[in-house]
Amino acid sequence: VKELKDHPAILLWGVGNEVDLFYSNTKVWYAVQDIAAMIHRVDPNHPTTTVTAGLDSMEVHLIKTRAPDIDILSVNTYGDLHHVPGNVRKWGWTGPDMITEWGPNGHWEVAKAQWGAPIEQSSEEKARSYRARYVEHIESKRSDGMIGSYVFLWGQKQETTETWYGLFDAQGRPTRAVDMMELNWKGSLPLDETPVLESLTLSGNEVIPGSNMFYADDLITASLKASDKKERKLEVQWILVPEATNTKAGGDAESALGAVTGQFRNKGTDGVTVVVPRAEGGYRVFVKVIDKQGRVAYANVP
């Protein structure tokens, strides 16, 4: 704090990020208070905040009573964003608040395949949620004390899949959600929009009809619908990856997964034939649709 308090980039001090995630010792809020009080003594020019993983009524009470030197309440939230602004007030927080992480539905908040694989939203489904969540649950709450938000993640990382949380893909290419954030922040879409991926579906002789469960060497048809507003030719990449087995909690690092090669036949811009791998387990059929400017739409099916 002493080293950085006069740096022109400092907005505020975050004391603890998600210290409540899986915690059992609520005395941690006394430690947050000790640090926040020290900051106020050393740097009276910048406010303090602490960041919770989601929100519950007891947390609000504990922060108010045990950490009174916290000026701003910050919350990381995904699929539950629509509840948070109202609950902040209902549970007794009277100061300003922020949403310090928000984005698509979390991998813990979505429907799952029969074998437990979480079903990821497509880039277009995510884009619609980025627009709706910002307009309805962030921007409209400014008058209620919300002073701003941080969209997550302004980059890319492997977390359940390589595309789940990033606004860019692993090659640094912007996705459709970036278009929506430009609309949210600037009031207009970019002149050259990212392709729209409307649907990705699988069909074949499922072991259980409609289950996406197949036997080794079965042939699956993957069908794609995608479009570009300027009707340009789009590059289509088909990828088969094994289901992640080293998933972590709280954003801890996960290893990227290598693609399974040699399983595609008859690749096309609107579909492909997939030969089911012989190694038992979970997989994802992934597709990326890329325009000449390097903007990417994507979807995957487990």
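In case you missed it, the structure is sitting above this.
The next point concerns the overall build of the protein chain. Scanning the protein chain for helices and strands turns up 5 helices and 12 strands. Sequence separation of at least 24 residues holds for 66% of the intrachain contacts in the protein chain that already meet a minimum separation of 6. Accessible area for the protein chain stands at about 15,100 Å²; split by element, carbon and sulfur atoms hold 52% of it.

Let us now look at the sheet that holds strand 6 (residues 196-203). Strand order in this open sheet of 4 strands is 6-7-10-9, and the pairing throughout is antiparallel. On the outer flanks of this sheet lie strand 6 and strand 9 (264-265), each paired with one strand and no other. Across 5 bridges, strand 7 (residues 219-227) lies against strand 10 (residues 271-275) in antiparallel orientation. Bridged to Ser 223 within strand 10 is Gly 271.

Looking now at unusual backbone geometry. In this structure, the amide linkage connecting Phe 152 to the following residue, Leu 153, adopts the cis form with an omega of 0 degrees. With respect to the helices and strands, the residue Leu 153 is situated in the loop between strand 5 (146-151) and helix 5 (176-186). For Glu 18, which is not glycine, the phi torsion reads 60 degrees and is therefore positive. Tracing the backbone shows Glu 18 in the loop between strand 1 (13-17) and helix 1 (28-42). By relative accessible area, Glu 18 is classed as buried at 17%.

On to the sheet that holds strand 11 (residues 283-290). Two orientations exist for strands paired in a sheet by backbone hydrogen bonds: parallel and antiparallel. Reading across the sheet, the 3 strands line up as 8-11-12 and stay open at both edges, with antiparallel pairing between neighbours. The sheet is open, and its two borders are formed by strand 8 (235-242) and strand 12 (296-301), each paired with just one other strand. Pairs of neighbouring strands in the sheet enclose a mean axial angle of 20 degrees, with direction left out of account.

This part covers the environment of Asn 105. Tracing the sequence through the fold places Asn 105 in the loop between strand 4 (97-102) and helix 4 (123-137). Separated by 24 residues in the primary sequence, Asn 105 and Ser 129 have C-alpha atoms spaced 8.7 Å apart. Discounting chain neighbours no more than four positions away, the residues touching Asn 105 are Gly 79, Val 110, Gln 121, Arg 133 and Trp 164. Reaching out from Asn 105, the side chain makes a polar contact with the side chain of Arg 133 at a distance of 2.3 Å.

Counting buried residues along strand 12, 6 of its 6 residues qualify, which places the element largely inside the surrounding structure. Alternating residues of strand 12 divide into Val 296, Tyr 298 and Asn 300 and Ala 297, Ala 299 and Val 301, and every residue in both groups is buried. With 6 bridges connecting them, strand 11 and strand 12 associate as antiparallel partners. What sits directly across from Lys 288, in strand 12, is Tyr 298.

The next subject is the packing of aromatic side chains. Scanning the model with the defined rule gives 8 aromatic pairs in all. Consider the rings of Phe 152 and Tyr 165, whose centres lie 6.4 Å apart with planes at 70 degrees: the pair is edge-to-face. Taken together, the residues span a long stretch of sequence, with Phe 152 in the loop between strand 5 and helix 5 and Tyr 165 in the loop between strand 5 and helix 5 at a distance of 13 residues.

Here the focus is the pattern of salt bridges. Evaluation of the coordinates by the stated rule reveals 16 salt bridges. Across the pair Arg 142 and Glu 139 runs a salt bridge, and its minimum N-O distance is 3.4 Å. Here Arg 142 falls in the partly exposed class, since its relative accessible area comes to 37%. Residue classification places Glu 139 among the partly exposed positions, given a relative accessible area of 37%. Close ionic contact of Arg 278 with Asp 217 constitutes a salt bridge, the shortest N to O distance being 3.0 Å. Of this pair, Arg 278 sits in the loop between strand 10 and strand 11 while Asp 217 sits in the loop between strand 6 and strand 7, and the two are 61 residues apart along the sequence. Given the relative accessible area of 37%, Asp 217 is considered partly exposed.

Calculation notes
- Residues numbered from 1 in each chain as written.
- Predicted model: local features only at pLDDT ≥ 70, side-chain atom pairs only at ≥ 80, totals over all residues.
- Heavy atoms only, no water.
- Helix = DSSP H or I, 4+ residues; strand = E, 2+ residues; numbered from the N terminus.
- Contact = heavy atoms within 4.5 Å.
- Areas by Shrake-Rupley, 256 points an atom, 1.4 Å probe, with all protein chains shown as cover.
- Pairing = 2+ DSSP bridges.
- Buried < 20%, exposed > 50% of the residue type's maximum accessible area, 1.4 Å probe, protein only.
- Axes fitted to C-alpha atoms, helices over the stretch in contact; angles between N-to-C directions.
- Polar contact = N/O pair within 3.5 Å; in protein donor to acceptor, adjacent residues only side chain to side chain.
- Phe/Tyr/Trp six-rings, centres within 6.5 Å; stacked < 30°, edge-to-face > 60°.
- Salt bridge = Lys/Arg side-chain N within 4 Å of Asp/Glu carboxyl O.

Any link to function would need more than the numbers given here.
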